[in-house]
Amino acid sequence: MAMTAPANGPRRITILGSTGSIGCNTIDLVEREPDNYCVEALTANRNVILLAEQARRLRPRIAVVADPTLYHALREALSGTNIEAAAGEAAVVEAATRPIDWMMAGIVGAAGLRPTLAGVRQGAIVALANKETLVCAGELVLREVRARGATLLPVDSEHNAVFQVFDFEQRDRVARIILTASGGPFRTRSLAEMRSMTPEQAVAHPNWRMGAKISVDSATLMNKGLEVIEAFYLFPVRKDQVDVIVHPQSVIHSMVEYIDGSVLAQLGTPDMRTPIAYAMGWPKRIATPSARLDLASIGALTFEQPDLERFPALRLAREALDAGGSAPTVLNAANEVAVLAFLDRHIGFLDIAKIVGQTLERIPRIEIDALEMVADVDRQARAIARETIARGRVIN
Ligand SMILES: NC(=O)c1ccc[n+]([C@@H]2O[C@H](COP(=O)([O-])OP(=O)(O)OC[C@H]3O[C@@H](n4cnc5c(N)ncnc54)[C@H](OP(=O)(O)O)[C@@H]3O)[C@@H](O)[C@H]2O)c1
């Protein structure tokens, strides 16, 4: 297994999605120990200005925007440097194939699948924030991880917490994984109130500052559903061994229960630099500037069962995991379309889960054993979800 310490000079790294919340937090840590890293590639979707600023500071060999129309803007923004500029989806994947030791997979959505796989295929350590990669193609990604000897390290705070307390030597002694959920901004809202919630209210997460898509997913609890699927692929447990509990303070990031009744947990303040640093330094810990946990000032930690009536997305995700095959791919694609439509104010908050449910009902489940099949199912699900939205056919 690849090791992390920059024993023979700086570690060569690539940051996919460098302009996002995860990407910026990763760069913050890189810039605190600049001599330990040598940056190969930075990638973004459309944010040329921030990408170019980051590139001028970190001096990667290449900077890439996924939107091909922005090639000239990027080149212009990098003029006077010797940093290569490239644009387009294929260019993002190409940049991700360039040899590195460590990659941050920080793109949001299924768009991250191929570039993340490119990192896996070179046998690198891949710090996985992009949970959609595992949701839409879990079996295929794991097959590649095993075949290429890559190392997948979970960055999602819940999975990172589980990773820190999961005893892989005694996997048969694990009773269950308990993922904690903050409950999101609408935890205490009634269904009637949720109907009129705006994108601004949905992205205002009580504990974490994150990108818009994951923030909406947190408000619907789809995020926890995606994480249940992600946990099933990351850890050697059965599907029914992944539980969810709502814990509004987000202090316990997740837990593992063992057959003797012991429950091990990882705790911390809600700062993604802690799990990112764990994945950067693994197997050693590295220092972060994250605020320290002050339990006395927090006072009380509370817990409750998730309410599947008000948050049906969590139930849909579980059902998709149980169904297997193409169902999680459909779930993820329909959710991406619906979240975007909600952010663009074309549908209401409660319509998101309805569109996902209706898309799942309309697409027959098939077995998936090739990447092209994932792409086909993803396209089909997006088309159906978009059609449902365009025709205003969301059934209330
Ligand atoms: N934020 C968190 O605290 C957090 C916690 C746990 C897990 N995650 C997971 O980490 C991933 C990233 O989340 P985030 O919150 O950092 O998202 P974000 O702030 O929206 O950033 C997403 C990044 O991906 C890029 N991107 C978007 N669409 C793309 C496309 N089609 N092709 C290539 N690049 C694209 C964006 O570029 P532009 O800036 O140019 O749009 C940006 O760099 C998600 O899978 C999320 O679920 C995030």
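Note that the coordinates shown come from a computational prediction; the quantities given were computed from them, not determined experimentally.

Draft legend 1. A look at the site of the ligand. Near the ligand, the surroundings consist of 24 residues, among which T19, R46, N47, E132 and G211 are the closest. In the environment of the ligand, an oxygen atom lies 2.8 Å from a nitrogen or oxygen atom belonging to the backbone of N47. Between E132 and the ligand, the recorded distance is 2.7 Å, taken from a side-chain N or O atom to an oxygen atom. Protein chains bury 85% of the 900 Å² of accessible surface belonging to the ligand in isolation. Mapped onto the shell around the ligand, the elements with two or more residues apiece are α1 (21–32) and α6 (131–148).

Draft legend 2. The arrangement of the nonpolar core in detail. Ranked by size, the top nonpolar core spans 116 residues in total, and within it M104, L152, V155, F235, L331 and F349 carry the most contacts. Grouped together as the second largest cluster of nonpolar side chains are 15 residues, I62, A86, A95 and A124 included.

Draft legend 3. Structural view of the side chain of R98. Tracing the sequence through the fold places R98 in the loop between α4 (89–97) and β5 (102–105). A polar contact is formed between the side chain of R98 and the side chain of E94, at a distance of 3.2 Å. Those residues in contact with R98, other than ones at most four positions away along the chain, are E40, I62, E84 and Q122.

Draft legend 4. Here's a closer look at unusual backbone geometry. In this model, W282 is joined to P283 through a cis peptide bond whose omega is 10°. In this structure, P283 sits in the loop between α12 (273–281) and α13 (295–298). Here S250, not a glycine, exhibits a phi torsion of approximately 50°, which is positive. Structurally, S250 is set in the loop between β9 (242–246) and β10 (252–258).

Draft legend 5. Layout of helix α7 (residues 157–165). Counting buried residues in α7 gives 9 out of 9 residues, a clear majority hidden from the surface. All of the buried residues in α7 are S157, E158, H159, N160, A161, V162, F163, Q164 and V165. Structurally, α7 contributes buried residues whose contacts are with β7 (151–154), β8 (174–181), α11 (222–234), β10, β11 (263–267) and α12.

Draft legend 6. Up close: the sheet that holds β8. Reading across the sheet, the 4 strands line up as β9-β8-β10-β11 and stay open at both edges, with mixed pairing between neighbours. At either margin of the open sheet sits one strand with a lone partner, and together these are β9 and β11. Sheet twist, expressed as the average angle between the axes of neighbouring strands with direction ignored, equals 20°. Bridge analysis of β10 against β11 gives 5 bridges, and the strand direction is antiparallel. Within β11, the residue paired with S254 across the bridge is Q266. Packing of α7 onto the sheet brings it into contact with β8, β10 and β11, and relative to β10 it is tilted by some 40°. Running at roughly 150° to β8, α11 makes contact with β8 and β9 of the sheet.

Draft legend 7. Region of the structure containing the packing of α6 against α11. One way to put it is that α6 packs onto α11 with a least axis distance of 8 Å and a crossing angle of 25°. As far as their axial angle goes, α11 and α6 are roughly parallel. When you trace α6 past α11, the crossing you get is left-handed. In this structure, α6 contributes K131, L134, V135, G138, E139 and L142 to the contact, and α11 contributes N223, L226, E227, I229, E230, Y233 and L234. Each residue belonging to the contact of α6 with α11 can be placed in one class, and the counts come to 7 nonpolar, 2 polar and 4 charged.

Draft legend 8. Geometry of the packing of aromatic side chains. Tallied over the full model, the rule gives 9 aromatic pairs. The interplanar angle of 70° and the centroid separation of 5.6 Å between the aromatic rings of F342 and F349 together place this pair among those described as edge-to-face. By way of ring pairs, the aromatic residues F163, F166, F168, F235, Y278 and W282 are connected into one cluster. The side chain of K239 reaches across the aromatic face of F232, ending 5.5 Å from its centre.

Draft legend 9. Quick peek at a nonpolar patch on the surface. Side chains of L267, L295, I298, L301 and F303 sit close together on the surface and give an oily, nonpolar patch of about 370 Å² of accessible area. In this fold, F303 is placed in the loop between α13 and α14 (312–323). Under the relative-accessibility criterion, F303 is labelled partly exposed at 38%.

Draft legend 10. Region of interest: the confidence of the model for the protein chain. Across the protein chain, the average pLDDT comes to 96, with 97% of residues at 70 or higher. Within the model, pLDDT remains below 50 along residues 1–6, and this stretch shows 17 contacts once partners closer than five positions in the same chain are excluded.

Draft legend 11. The layout of surface pockets, seen in detail. Space inside the second largest pocket adds up to approximately 560 Å³. Among the elements of the structure, α6, β7 and α11 are those that each provide at least two residues to the lining of the second largest pocket. Of the residues assigned to the lining of the second largest pocket, the class counts are 15 nonpolar, 2 polar and 3 charged.

Draft legend 12. Seen up close, the packing of α14 against helix α15 (residues 327–343). Contact pair α14 / α15: the axes reach a minimum separation of 7 Å and the direction vectors enclose 150°. One element, α14, and the other, α15, form an angle in the roughly antiparallel class. Of the residues in α15, those touching α14 at L316, A317, A320, L321 and A323 are A327, P328 and L331. Residue composition of the contact of α14 with α15, grouped by class: 8 nonpolar, no polar and no charged.

Conventions we followed
- Residues numbered from 1 in each chain as written.
- Predicted model: local features only at pLDDT ≥ 70, side-chain atom pairs only at ≥ 80, totals over all residues.
- Heavy atoms only, no water.
- Near = heavy atom within 4 Å.
- Polar contact = N/O pair within 3.5 Å; in protein donor to acceptor, adjacent residues only side chain to side chain.
- Areas by Shrake-Rupley, 256 points an atom, 1.4 Å probe, with all protein chains shown as cover.
- Helix = DSSP H or I, 4+ residues; strand = E, 2+ residues; numbered from the N terminus.
- Core = buried A, V, L, I, M, F, W, Y, C linked by side-chain atoms within 4.5 Å.
- Buried < 20%, exposed > 50% of the residue type's maximum accessible area, 1.4 Å probe, protein only.
- Contact = heavy atoms within 4.5 Å.
- Pairing = 2+ DSSP bridges.
- Axes fitted to C-alpha atoms, helices over the stretch in contact; angles between N-to-C directions.
- Parallel < 35°, antiparallel > 145°, perpendicular 65-115°, else oblique.
- Left-handed = near helix turned anticlockwise from the far one by under 90°.
- Nonpolar A, V, L, I, M, F, W, Y, C, P; charged D, E, K, R; others polar.
- Phe/Tyr/Trp six-rings, centres within 6.5 Å; stacked < 30°, edge-to-face > 60°.
- Lys NZ or Arg CZ within 6 Å of the ring centre and 35° of its normal.
- Patch = residues over 30% accessible without salt bridge, like charges linked within 9 Å, V, L, I, M, F, W, Y side chains within 5 Å.
- Salt bridge = Lys/Arg side-chain N within 4 Å of Asp/Glu carboxyl O.
- pLDDT = per-residue confidence, 0-100.
- 1 Å grid on protein atoms, 1.4 Å probe; cavity = no way out; pocket = protein on both sides within 12 Å on 5 of 7 lines; lining within 4 Å.
- Points joined across faces, edges and corners; volume = space filled by probe spheres on them.

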